Amino acid sequence: MSLYVLEGLRPWVIQRVSAVYLALFFIYVAYCYFSAEVIAYHAWKGWLYNPFNTTVTGIFVIAILFHAWIGMRDVVLDYVHNIMIRIFILAVFIGVLIGSGLWVFRILLLSVVA
Amino acid sequence: MKFKIYRYNPETDKKPYVQDYELDKVEPGTMLLAALLRIKDEQDQTLSFRRSCGEGVCGSDGMNINGTNGLACVTSLDSLKQPVEIRPLPGLPVIRDLIIDMEQFYKQYRAVKPYLVVNDPMPEVELLQTPEQREKLDGLYECVLCACCSTSCPSFWWNPDKFLGPAALLQASRFIEDSRDQDFEKRLEDLEGPFKLFRCHTIMNCVNVCPKGLNPTKAIGRIKNKMVSRSL
């Protein structure tokens, strides 16, 4: 483990596996969207209430968080050479990602509770 | 035929500039290197560039030709748009005119241990390979280290001291694939980390420019596959 949290082969594999999952998930969501009879808030909430959909959406959120982290980290490693600026950008970005992740899980949990 | 050539002599010039040259009576099929030698002989003896074999084997005359890296000796003038713009290979320091300092490039090459490592006692006969084992080295051993690929790679431009670059990684792959080498595990271990290998984003400029028609991106992919199967 280093400053970059993940390094070398592991992030590369995670990036590819998450990319495949994201692609499959988007196809599934597009299929649900276009085959839905009603497109409204309650229909969407009902869709999320389905345990299968809650699970695949939860995995989607984790996948996209990792995917975004590795992508952003790559950009920073390529272009930002000052170590302090690099740490600052990575810290801000990891804060934004964790915050977004928690927010999405709150939404997912509420959709199950309500 | 018109040429625009990058000139810089750090001893006399404050900054680089582009100089125009014109050659007449250029025969069809003439290679760029022949034209540069004519300019040097007939018009300007201060023009500096490296060259040696003149037939794409030594890899000395790598330069940026109309925006694309290549070897002057195997680039036909017929294929070039005029004026032919010639610059040194990008991304490495210029020593003079078209001559670049290749130290960083060689440093990365040395870092991949470009030689066979055999820990067993040396056998009395040669280390033999089957034709199939030998075939695995095709497309890897032919590299002439002209640096056209590494100096066309944006990842190498941004991190030339940390990212090994396509040429060195092609060589890494050449020894990882070699059935006679006994340093397989250590070679893969050495390429771990965020920079050495994994700055490659499969941009594939290296494949585009390689004068020997090699495919460093594919070689890098082979190394990654080996790393994945080793970790499983």
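The rules behind the values
- Residues numbered from 1 in each chain as written.
- Chains lettered and ligands numbered in written order.
- Predicted model: local features only at pLDDT ≥ 70, side-chain atom pairs only at ≥ 80, totals over all residues.
- Axes fitted to C-alpha atoms, helices over the stretch in contact; angles between N-to-C directions.
- Helix = DSSP H or I, 4+ residues; strand = E, 2+ residues; numbered from the N terminus.
- Parallel < 35°, antiparallel > 145°, perpendicular 65-115°, else oblique.
- Contact = placed C-beta atoms within 7 Å.
- Nonpolar A, V, L, I, M, F, W, Y, C, P; charged D, E, K, R; others polar.
- pLDDT = per-residue confidence, 0-100.

**Side note on the packing of helix α1 (residues 9-35) of chain A against helix α8 (residues 216-231) of chain B**
- Interhelical geometry of α1(A) versus α8(B) gives an angle of 95 degrees and a closest axis separation of 11 Å. The orientation of α1(A) with respect to α8(B), classified from their angle, is roughly perpendicular. Here Leu9(A), Trp12(A) and Val13(A) of α1(A) come into contact with α8(B), specifically with Lys224(B), Met227(B), Val228(B) and Ser231(B).
- For the contact of α1(A) with α8(B), the class distribution of residues is five nonpolar, one polar and one charged.

**Considering the interface of chain B and chain A**
- Across the boundary between the two partners, chain B contributes eleven residues, which contact nine residues of chain A.
- When residues of the side of chain B that touches chain A are traced back to their parent elements, those giving at least two are α4 (154-158) and α8 of chain B.
- Per-element accounting of the side of chain B that touches chain A gives the leading share, four residues, to α8(B).
- Residue composition of the side of chain B that touches chain A, by class: five nonpolar, three polar and three charged.

**Describing the confidence of the model for chain B**
- Model confidence for chain B is summarised by a mean pLDDT of 95, while 100% of its residues fall at 70 or above.
- Complex prediction metrics read pTM 0.89 and ipTM 0.79.

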